[in-house]
Amino acid sequence: MIGVSRLYLGNIESGAANPTVDVLERIADGLGTSVSALFGDEG
């Protein structure tokens, strides 16, 4: 859906990979939220 493999997403979640800003934006778009919300910066 966002052009990122499940393996790579799993590595991001476990801390084994550091996503680029582009990947963070695609993840946020896929979830229908903002990059800030991914980090809990929106109140």
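Criteria and thresholds
Residues numbered from 1 in each chain as written. Predicted model: local features only at pLDDT ≥ 70, side-chain atom pairs only at ≥ 80, totals over all residues. Heavy atoms only, no water. 1 Å grid on protein atoms, 1.4 Å probe; cavity = no way out; pocket = protein on both sides within 12 Å on 5 of 7 lines; lining within 4 Å. Points joined across faces, edges and corners; volume = space filled by probe spheres on them. Helix = DSSP H or I, 4+ residues; strand = E, 2+ residues; numbered from the N terminus. Nonpolar A, V, L, I, M, F, W, Y, C, P; charged D, E, K, R; others polar. Salt bridge = Lys/Arg side-chain N within 4 Å of Asp/Glu carboxyl O.

It is the rolling of a water-molecule-sized probe over the atoms that shows where space remains empty. Approximately 180 Å³ is the volume found for the largest pocket. Together, Leu-9, Ile-12, Glu-13, Pro-19, Leu-24, Ile-27, Leu-31, Leu-38 and Phe-39 line the largest pocket. Every element with two or more residues in the lining of the largest pocket is listed here: α1 (6–14) and α2 (21–31). Broken down by class, the residue content of the lining of the largest pocket amounts to eight nonpolar, no polar and one charged.

Tallied over the entire structure, the rule returns one salt bridge. The closest approach of N and O atoms between Asp-22 and Arg-26, which form a salt bridge, is 3.1 Å. Placement of both Asp-22 and Arg-26 in helix α2 is noted, with a separation of four residues, approximately one turn of the helix.

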